[in-house]
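# Summary of structural features
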Amino acid sequence: MKENGEKIVALTAYDYPFATMADESGIHMLLVGDSLGMVFQGKENTLPVTMDEMIYHTRIVAKAAKSAFVIGDMPFMSYQASKQEAIRNAGRLIKETGAEAVKLEGGVTVSKLIRAISDAGIPVQAHIGLTPQAVHQMGGYKVQRDEERLMADALEVQSAGAFSVVLEGIPTDISKKITDAIDIPTIGIGAGPHCDGQILVLHDLIGLNLGHIAKFVKQYATLGEDVRQAMKKYFKEVQAMKFPGKEYCY
Ligand code: KIV
């Protein structure tokens, strides 16, 4: 698709109904992101997410996906400690879920791990720029502007065997230079229009995110508002004995 100039459309998914709808909508790539820690579990950041939780959600999404390519995210501390642990955990994500690939965060510093996992026969998507698992090291969720470092990260993950790389929170001109400089597809989030594809967090896209909404997010629906309205209406109708009416009774 990169060679043909066709944009890759990616989205996160965490459960069966939404993964089914995304798959049916033609989304090419479904990422079971560790963002589920924030948008699904209500945690402050992605750091507490465990391998078992990722396996649980990835299995559900992989079952729903009939044509989308499914990627399982490797949670914090499932790959950083050693090559062996990285290979074992990447293997679990593939073997126990039905996902086709794994994603992990980092550039030059994790390239040896990308090489090891990919040598084990597991496709790896890299993730550079604003890497949420390094939130404390970055001093918050900040746009990353060090062009030299970002370019070095992109080139390094490519030569380590990554099949694709997520560019997060990177200025448009830098992500364009990276996209032009490497052969593997770049998937952008907060990285401008020149990436080979785009990804958004599902809950941001459909208006179900109860937390902070970043500048790069376009909300295509306001489901959160619709759900609140529906629940309030249900509450009132039950109290007023309007529900269940005759048509809902046996
Ligand atoms: O965890 C996640 O959902 C991600 C995407 C935002 C790329 O890493």
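Residues numbered from 1 in each chain as written. Predicted model: local features only at pLDDT ≥ 70, side-chain atom pairs only at ≥ 80, totals over all residues. Heavy atoms only, no water.

This part is about the environment of glutamate 85. As for its position among the elements, glutamate 85 is in helix 4 (residues 83–95). Assessed through its relative accessible area of 35%, glutamate 85 is described here as partly exposed. In this structure the C-alpha to C-alpha distance between glutamate 85 and asparagine 4, which are 81 residues apart in sequence, comes to 37 Å. (Helix = DSSP H or I, 4+ residues; strand = E, 2+ residues; numbered from the N terminus. Buried < 20%, exposed > 50% of the residue type's maximum accessible area, 1.4 Å probe, protein only.)

Where helix 3 (residues 51–64) meets helix 4, the closest approach of the two axes is 9 Å, and the angle between their N-to-C directions is 25 degrees. Taken together, the axis directions place helix 3 and helix 4 in an arrangement best described as roughly parallel. Of the two elements, helix 3 crosses helix 4, and the hand of that crossing is right-handed. For the pair helix 3 and helix 4, contact is made by Met51, Asp52, Met54, Ile55 and Thr58 and by Asn89, Arg92 and Leu93, respectively. (Axes fitted to C-alpha atoms, helices over the stretch in contact; angles between N-to-C directions. Parallel < 35°, antiparallel > 145°, perpendicular 65-115°, else oblique. Left-handed = near helix turned anticlockwise from the far one by under 90°. Contact = heavy atoms within 4.5 Å.)

The next subject is helix 4. For helix 4, with 13 residues, the first-to-last C-alpha span of 18 Å sits near the 18 Å given by 1.5 Å per residue. Along helix 4, the residues that are buried comprise Ala86, Asn89, Ala90 and Leu93. Seen end-on, helix 4 carries its buried residues on one side only, within an arc spanning 100 degrees. Across from the buried face of helix 4, at angles greater than 90 degrees, the exposed residues are Gln84, Arg88 and Lys95. Buried positions along helix 4 lie against helix 3, strand 3 (69–73), strand 4 (101–103) and helix 5 (111–119). (Expected span 1.5 Å × (residues − 1). Arc of directions from axis to C-beta.)

Below, the discussion takes up the site of the ligand. The environment of the ligand is formed by Thr12, Leu31, Gly33, Asp34, Ser35, Asp73, Lys103, His127, Val166, Ile189 and Val201. Residue serine 35 places a side-chain N or O atom 2.5 Å away from an oxygen atom belonging to the ligand. Within the side chain of aspartate 73, one N or O atom sits 3.2 Å away from an oxygen atom of the ligand. In isolation the ligand exposes 260 Å². Once the protein is present, 96% of that is buried. (Near = heavy atom within 4 Å. Polar contact = N/O pair within 3.5 Å; in protein donor to acceptor, adjacent residues only side chain to side chain. Areas by Shrake-Rupley, 256 points an atom, 1.4 Å probe, with all protein chains shown as cover.)

What follows concerns the sheet that holds strand 7 (residues 186–189). Read around the barrel, eight strands follow the order 1-2-3-4-5-6-7-8 and close on themselves; strand pairing throughout is parallel. Strand-to-strand twist of the sheet, defined as the mean angle between neighbouring strand axes without regard to direction, takes the value 25 degrees. Taken together, the three bridges between strand 3 and strand 4 define a ladder with parallel strand orientation. Counterpart to glycine 72 in the pairing with strand 4 is valine 102. In the packing of helix 7 (residues 147–160) onto the sheet, contacts are made with strand 5 (124–129) and strand 6 (164–168), and the angle to strand 5 comes to roughly 175 degrees. (Pairing = 2+ DSSP bridges.)

Quick look at the nonpolar core now. Counting residues in each nonpolar core, the largest one holds 56 residues, and the members touching the most others are Leu30, Ile114 and Ile117. Here isoleucine 117 is in contact with Met74, Ala86, Ile87, Ala90, Val102, Leu104, Ile122 and Val124, once residues within four sequence places are set aside. Listed in part, the ten residues of the second largest apolar core include Ile8, Ala10, Leu31 and Ala101. (Core = buried A, V, L, I, M, F, W, Y, C linked by side-chain atoms within 4.5 Å.)

Another point: the packing of aromatic side chains. Across all of its chains, the model carries three aromatic pairs by this definition. When the centroid spacing of 6.1 Å and the interplanar angle of 70 degrees are considered together, the rings of tyrosine 234 and phenylalanine 243 count as edge-to-face. Residue phenylalanine 243 is classed as partly exposed on the basis of its relative accessible area of 33%. Here the aromatic rings of phenylalanine 243 and tyrosine 248 are separated by 5.5 Å at their centres, their planes lie at 55 degrees, and the arrangement is tilted. An aromatic cluster is defined as three or more aromatic residues linked by ring pairs; in this entry it consists of Tyr234, Phe243 and Tyr248. (Phe/Tyr/Trp six-rings, centres within 6.5 Å; stacked < 30°, edge-to-face > 60°.)

For residues other than glycine, phi is negative in most cases, and the peptide bonds are mostly trans. Cis geometry is adopted by the peptide bond preceding proline 244, which originates at phenylalanine 243 and carries an omega value of 0 degrees. Residue position: proline 244 is located in the segment after helix 10 (223–239). Of note, the phi angle at methionine 77 is positive, near 70 degrees, even though the residue is not glycine. When you line up the elements, methionine 77 lands in the loop between strand 3 and helix 4.

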